[in-house]
Amino acid sequence: MAKIIVVTSGKGGVGKTTTSAAFATGLALRGFKTVVIDFDVGLRNLDLIMGCERRVVYDFINLINEESNLKQTLIRDKNIENLYILPASQTRDKDALTTEGVEKVLNKMKEEFDYIVCDSPAGIEKGAHMALYFADSAIVVTNPEVSSVRDSDRILGILSSKSKRAEEGEDRITEHLLITRYAPSRVDRGDMLAIKDIQDILGIPLIGVIPESQAVLKASNAGVPVIRDENSDAGIAYTDMVARFLGEDVPMRFTTAEKRGFFKRLFNKEEVPA
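Residues numbered from 1 in each chain as written. Predicted model: local features only at pLDDT ≥ 70, side-chain atom pairs only at ≥ 80, totals over all residues. Heavy atoms only, no water.

## Considering the pattern of salt bridges
Turning to step 1, where the next piece is worked out: Counted by the stated rule, this structure contains 13 salt bridges.
Turning to step 2, where the next piece is worked out: The partner of Glu212 in a salt bridge is Arg186, with the nearest N and O atoms 3.3 Å apart. Residue Glu212 is located in the loop between β8 (206–211) and α11 (214–222), and its partner Arg186 is located in helix α9 (residues 184–188); the two are separated by 26 residues in the primary sequence.
Turning to step 3, where the next piece is worked out: What makes Glu212 partly exposed here is its relative accessible area of 39%.
Turning to step 4, where the next piece is worked out: Residue classification places Arg186 among the partly exposed positions, given a relative accessible area of 30%.
Turning to step 5, where the next piece is worked out: Between Arg253 and Asp240 there is a salt bridge; the shortest N-O distance is 3.0 Å. With Arg253 in the loop between α12 (233–245) and α13 (262–267) and Asp240 in helix α12, the pair connects residues that are 13 residues apart, well separated along the chain.
Turning to step 6, where the next piece is worked out: Asp240 sits in the buried class, given a relative accessible area of 8%. (Salt bridge = Lys/Arg side-chain N within 4 Å of Asp/Glu carboxyl O. Helix = DSSP H or I, 4+ residues; strand = E, 2+ residues; numbered from the N terminus. Buried < 20%, exposed > 50% of the residue type's maximum accessible area, 1.4 Å probe, protein only.)

Rendered as C-alpha cells:
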C-alpha cells in the first residue's frame, strides 16, 4: 500500500516545492515508484521545478472532475523512469478541490505507487488542508526564523486535530522536521535560530538540515530538482534526508560553520561550509 507524505509549513517561501521535488526525486532514485502532486491550485510551480511545464495537458482538477484519466494526466519524468508529476490547475480556484475528489484520486494512485508526495500550498486554508488531510506522514519545512517556526507550529496543531487520521481516531500522522536555508555562520552571529531552538519549540524529530545555497536557485531556474546536483551542498543534504526517511542512520551535515584559516582570513576568501 502506498504511503502518502505531505510537505507542509504554513508559511510561503520556505522551500516546500523545492523540497517536494527533491524528496520525490530522491525516493524514485532509490527505486520506489513515486508521484508528486501539486496542490497549489491557481498558481502551479511544481511543474517548473520538475522541468515539465511544456508537457502539461491535463491537471489535478481535470482528474478530479473525470475530464481525464490517470494515464492521460500524469507526466512521466524524462530522466527517472518511476517518477511522475501531477500538476495543479492554473485556471481554477482552490474550491475545486473537494474531499471526495481528492480521496478518489489518491485511492487510484495507491494501486500504482509506492509513495505519493503532496506539495502543499502556503497558508492554512482549503488547499493546504486538502494536501494534509489524507497524509500518513508529514515533512514540516521551516526556515530558522521566528515567523516561520511559529507558522510551522500552527500546522502541527492542524495535523494533530484536522487530518483524517485524527478525525477517525487512528494513529497520528508521523511528523518530521526539515530546516531549510540554514547558515551556521549567521546562527553563530545570532541572526538565525539555532537547530536546538527550533527543535525545542516544535518538538518533532529532525529529518534534515538544508544549507542556504545558490545551488537551489540554479537548479530551480534550470528545471531540475536540486537533489540531482550531486556535488552541491543542498543536493547532498536532500539525499541524506531521503536516506533518513527510509530509516538509515546518516549523520547531519552542514550544521556548523567551518573555522577560517589564517590565510583565508587574511585574504577574506570564502569557504564552502561542511
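## Examining the side chain of Thr142
Turning to step 1, where the next piece is worked out: Relative to the assigned elements, Thr142 resides in strand β6 (residues 137–142).
Turning to step 2, where the next piece is worked out: Apart from the residues within four sequence positions on either side, Thr142 is in contact with Ser148, Val149, Ser152, Leu177, Leu178, Ile179, Thr180, Ile198 and Leu202. (Contact = heavy atoms within 4.5 Å.)

## Re the nonpolar core
Turning to step 1, where the next piece is worked out: Grouped together as the largest cluster of nonpolar side chains are 50 residues, with contacts concentrated most on Phe39, Phe60, Leu97, Val102, Met109, Ile116 and Leu159.
Turning to step 2, where the next piece is worked out: Among the elements that make up this core, the one with the highest residue count is helix α7 (residues 146–161) (five residues).
Turning to step 3, where the next piece is worked out: Discounting residues that sit within four places of it in the chain, Leu97 has contacts with Phe39, Val41, Phe60, Ile61, Ile64, Val102, Lys126, Gly127 and Met130.
Turning to step 4, where the next piece is worked out: The next biggest cluster of nonpolar side chains, apart from the first, holds 37 residues, and it includes Ala22, Val36, Ile85 and Ala237. (Core = buried A, V, L, I, M, F, W, Y, C linked by side-chain atoms within 4.5 Å.)

## Considerations on the packing of α7 against helix α10 (residues 195–202)
Turning to step 1, where the next piece is worked out: The N-to-C vectors of α7 and α10 enclose an angle of 30 degrees; their axes lie 10 Å apart at closest approach. By the angle class used here, α7 and α10 are roughly parallel. The two elements α7 and α10 meet at a crossing, and its hand is right-handed. Contact residues: α7 offers Val149, Ser152, Asp153 and Leu156, while α10 offers Ile198, Ile201 and Leu202.
Turning to step 2, where the next piece is worked out: When the residues that make up the contact of α7 with α10 are grouped by side-chain class, the tally is five nonpolar, one polar and one charged. (Axes fitted to C-alpha atoms, helices over the stretch in contact; angles between N-to-C directions. Parallel < 35°, antiparallel > 145°, perpendicular 65-115°, else oblique. Left-handed = near helix turned anticlockwise from the far one by under 90°. Nonpolar A, V, L, I, M, F, W, Y, C, P; charged D, E, K, R; others polar.)

## Concerning the sheet that holds strand β4 (residues 83–86)
Either a parallel or an antiparallel arrangement is found when strands of a sheet pair, and the pairing is made through backbone hydrogen bonds.
Turning to step 1, where the next piece is worked out: In spatial order, the strands read β3-β4-β2-β5-β1-β6-β7-β8; together these eight strands make up an open sheet with mixed pairing. Since the sheet does not close on itself, it has two edges, and those belong to β3 (75–76) and β8, each with one partner.
Turning to step 2, where the next piece is worked out: Here strand β7 (residues 174–182) runs beside β8; their pairing, made up of four bridges, is parallel. From the neighbouring strand, Leu177 faces β8, where its bridge partner is Leu206. (Pairing = 2+ DSSP bridges.)

## Considerations on the pairing of strand β2 (residues 34–38)
Along any regular strand, the residues point their side chains to alternate faces of the sheet.
Turning to step 1, where the next piece is worked out: For β2, the tally of buried residues reaches five of five residues, placing the bulk of the element in the interior.
Turning to step 2, where the next piece is worked out: Of the two faces of β2, the one carrying Thr34, Val36 and Asp38 and the one carrying Val35 and Ile37 are both buried.
Turning to step 3, where the next piece is worked out: Pairing geometry for β2 and β4, over four bridges, is parallel. The residue bridging Val35 from the neighbouring strand is Tyr84, located in β4.

## A few points about the pairing of β6
Turning to step 1, where the next piece is worked out: With six of six residues buried, β6 is to be regarded as a mostly interior element.
Turning to step 2, where the next piece is worked out: Every second residue of β6 is oriented toward a common face, with Ser137, Ile139 and Val141 on one face and Ala138, Val140 and Thr142 on the other, all of them buried.
Turning to step 3, where the next piece is worked out: Of the pairings in the sheet, the one linking strand β1 (residues 3–8) to β6 comprises four bridges and is parallel in character. From the neighbouring strand, Val7 faces β6, where its bridge partner is Ile139.
Turning to step 4, where the next piece is worked out: Relative to β7, β6 is paired through six bridges, and the arrangement is parallel. In the sheet register, Thr142 faces β7, and the bridge partner there is Ile179.

## Focus on the state of the cysteines
Turning to step 1, where the next piece is worked out: Following the criterion strictly, the structure yields zero disulfides and no others.
Turning to step 2, where the next piece is worked out: The structure places no disulfide on Cys52, whose sulfur is separated from the nearest cysteine sulfur, that of Cys118, by 16 Å.
Turning to step 3, where the next piece is worked out: Judged by its relative accessible area of 2%, Cys52 falls in the buried class.
Turning to step 4, where the next piece is worked out: With a relative accessible area of 0%, Cys118 lands in the buried category. (Disulfide = S-S within 2.5 Å.)

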